[in-house]
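Secondary and tertiary structure notes
Listed below are the residues making up each chain.
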Amino acid sequence: MTILVAYAPRPEGRAALSKGIQMATAQNEKLVVVNASPGGPTRDTSLADAHDAEWVTRELNNSGLDAEFKQFVRGKDAVEEIQELAESLPASLLVIGLRKRTPVGKLIMGSTAQEILLTVDCPVLAVKAR
């Protein structure tokens, strides 16, 4: 089976990557790290730029795991991309990072993490950045 990490270039994304490497090592499983965005004319802060993608790839190479980094920018919602990948692998575990949000922020903006928790069929491990 495969451990899947939903990665965004923020502290919570780096925490999810670290935990994913730890879990894949402990369980001797393949690791797939995904960064997804619908793309479009506005800058999406969840999309890893070339520098950050190189850093993730280096971390995966240094881990010694059977691991790969996938980046999707093809018009689909990030949750949809993650859900489809979790089903197709199939994933034994999905690791996501959580960021601190105010109650009003959660109400107005919604939550990708919450949507993932409610839609993905595999177990989900949510981690916070330190």
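Above this text is the structure in question.
Since the structure is predicted, the reported quantities are computational estimates derived from the model, not experimental observations. (Residues numbered from 1 in each chain as written. Predicted model: local features only at pLDDT ≥ 70, side-chain atom pairs only at ≥ 80, totals over all residues. Heavy atoms only, no water.)

**Here we look at the overall build of the protein chain**
Tallying secondary structure elements over the protein chain gives 5 helices and 5 strands in all. When the helices and strands of the protein chain are placed in sequence order, the string is β-α-β-α-β-α-β-α-α-β. Its C-alpha atoms give the protein chain a radius of gyration of 14 Å, near enough to 14 Å, the size a compact globule of 130 residues would have. Overall, the protein chain is about 40 × 30 × 30 Å in size when its C-alpha atoms are taken along their principal axes. Burial status across the protein chain gives 38% buried among its 130 residues. Residue pairs in contact within the protein chain that sit at least 24 positions apart in sequence constitute 78% of those at least 6 positions apart. Of the side-chain charges in the protein chain, 15 are positive and 16 negative, and the distance between the mean point of each set is 8 Å. (Helix = DSSP H or I, 4+ residues; strand = E, 2+ residues; numbered from the N terminus. Rg over C-alpha atoms; globule rule 2.2 N^0.38 Å. Buried < 20%, exposed > 50% of the residue type's maximum accessible area, 1.4 Å probe, protein only. Contact = heavy atoms within 4.5 Å. Lys, Arg positive; Asp, Glu negative; His and termini not counted. Charge placed at Lys NZ, Arg CZ, Asp CG, Glu CD.)

**Things to note about helix H3 (residues 78–88)**
Listing the buried residues of H3 in full gives Ala78, Val79, Glu81, Ile82, Leu85 and Ala86. Viewed along the axis of H3, the buried residues span an arc of 160°, placing them on a single side of the element. Where the residues of H3 are buried, they touch strand E1 (2–6), strand E2 (30–37), strand E3 (67–73), strand E4 (91–98) and helix H5 (112–119). The opening residue of H3 is Asp77, an N-cap whose side-chain oxygen sits 2.9 Å from the backbone nitrogen of Val79. (Arc of directions from axis to C-beta. Polar contact = N/O pair within 3.5 Å; in protein donor to acceptor, adjacent residues only side chain to side chain.)

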